Amino acid sequence: MPLQAIDEDPRTPYQLPFPPDAQDEIVVPKAIADDERIWVPQAENVSFRPLCLNRSQGYWMNLLRVRKSGVLSRHRHPQPVHGFVLKGRWHYLEHDWVAEEGGYVYEPPGETHTLVVPDDVDEMITYFQVNGVMLYVDPMGNTLGYEDVFTKIDLCRAHYTKVGLGEDYVDQFIR
Ligand code: FE
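Definitions and cut-offs
- Residues numbered from 1 in each chain as written.
- Predicted model: local features only at pLDDT ≥ 70, side-chain atom pairs only at ≥ 80, totals over all residues.
- Heavy atoms only, no water.
- Phe/Tyr/Trp six-rings, centres within 6.5 Å; stacked < 30°, edge-to-face > 60°.
- Buried < 20%, exposed > 50% of the residue type's maximum accessible area, 1.4 Å probe, protein only.
- Lys NZ or Arg CZ within 6 Å of the ring centre and 35° of its normal.
- Salt bridge = Lys/Arg side-chain N within 4 Å of Asp/Glu carboxyl O.
- Helix = DSSP H or I, 4+ residues; strand = E, 2+ residues; numbered from the N terminus.
- Pairing = 2+ DSSP bridges.
- Axes fitted to C-alpha atoms, helices over the stretch in contact; angles between N-to-C directions.
- Contact = heavy atoms within 4.5 Å.

Asker: Help me understand the packing of aromatic side chains in this model?
Answerer: What characterises a pair of aromatic rings is the spacing of the ring centres plus the angle enclosed by the ring planes. Per the counting criterion, the structure on display carries seven aromatic pairs. The interplanar angle of 75° and the centroid separation of 5.0 Å between the aromatic rings of Tyr160 and Tyr169 together place this pair among those described as edge-to-face. Looking at Tyr160, the relative accessible area reads 0%, which means it is buried. With relative accessibility at 22%, the residue Tyr169 sits in the partly exposed group. Here the aromatic residues Trp90, Tyr92, Trp97 and Phe128 are joined through ring pairs into a cluster of three or more. The lysine or arginine in question, Lys152, covers the ring of Phe48, its NZ or CZ lying 3.9 Å from the ring centre.

Asker: How should I be thinking about the pattern of salt bridges in this particular structure?
Answerer: Overall, the coordinates contain eight salt bridges when judged by the stated rule. Measuring nitrogen to oxygen at the nearest pair gives 2.7 Å for the salt bridge that ties Arg37 to Asp35. We note a salt bridge from Glu36 to Arg65, for which the minimum N-O separation is 2.8 Å. Within this pair, whereas Glu36 is found in the segment before strand E1 (40–43), its partner Arg65 is found in strand E3 (residues 59–67), the two being separated by 29 residues in sequence. Residue class for Arg65 comes out buried when judged on its relative accessible area of 6%. Where salt bridges share partners, they join Arg67, Lys87 and Glu123 into one cluster.

Asker: Quick question: what am I supposed to make of the sheet that holds strand E4 (residues 71–76) here?
Answerer: Backbone hydrogen bonds hold the strands of a sheet together, and the pairing may be parallel or antiparallel. Sheet architecture is open: six strands sit in the order E7-E6-E9-E4-E11-E12, paired in antiparallel fashion. Of all strands in the sheet, those bounded by a partner on one side alone are strand E7 (98–100) and strand E12 (143–148). Neighbour-to-neighbour, the strand axes of the sheet open up by a mean angle of 30°, direction not taken into account. Bridge count for E4 against strand E9 (residues 112–116) is four bridges, and the pairing is antiparallel. Across the sheet, residue His75 finds its bridge partner in E9, namely His113.

Asker: Would you mind going over unusual backbone geometry with me for this structure?
Answerer: Generally, phi is negative for residues other than glycine and the peptide bonds are trans, each holding for most cases. Residues other than glycine seldom take positive phi values, yet Asn45 does so here, at roughly 65°. The residue Asn45 is located in the loop between E1 and strand E2 (46–54) in this model. Among the residues examined, Asn45 registers a relative accessible area of 36% and is labelled partly exposed.

Asker: Can you help me understand the sheet that holds strand E5 (residues 81–87) in this one?
Answerer: The strand order across the open sheet built from six strands is E1-E2-E3-E10-E5-E8, with neighbouring strands paired in antiparallel fashion. On the outer flanks of this sheet lie E1 and strand E8 (104–107), each paired with one strand and no other. Between one strand axis and the next, the sheet turns through 30° on average, direction left out of account. Where E5 meets strand E10 (residues 123–131), six bridges bridge the pair, whose relative direction is antiparallel. In the sheet register, Val81 faces E10, and the bridge partner there is Val130. The strands touched by helix H1 (residues 149–162) within the sheet are E1, E2 and E3, with E2 carrying the most contacts at an inclination of about 120°.

Here it is, written out as C-alpha cells:
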C-alpha cells in the first residue's frame, strides 16, 4: 500500500468547511515596512512588532528591532527559541558566532544570553519565536524579571493606547 494515494485533482481546493472551532488565520501584509506606531518600545533602542501573540499555547512571534548600540538584556530561556535574521547582524556576549542577515538560529532550552548589535550596524531586525518565558537575570543567574506572552500583550496595549491606535489594536495578533 502506498504511503500516499495519487491525487487525481491537485488543483482543486479542499471542498469541506474548516473545523468550526478553528481559529482565524493572521495575515500581516507588510510586517516590516509598516506604520512606525506599530513598533512597541521595550528598552532603549529596542522595539518589537507583534505578529502572533499565542496566549493559548504561551508563545509569541515577533520582529525584534534593535537600533544603534541597543542591547537586549541578559536573559534565560527555559524553552526553545527560533530566530531568522531579516536585516543587519548581531551576536550574543556568551557565544562567538554572529547571526547575519538571512541566517537562522535555534536557541535550546537552558540558554542564557545577552544580545548586542555591533556599532557599524544601524538597525537589525530578527524574526523570533519565543516560547514560554524569558527570565531576565544578573550575571550570576539571579532572576530580575520576566516576560511572557501576557506581558507582551500588556506592553502592546499600553503603547497602542498611547499612540492613538487604541488598546484593542493588539487583538488582531492574539490567538
Ligand atoms: Fe533570547
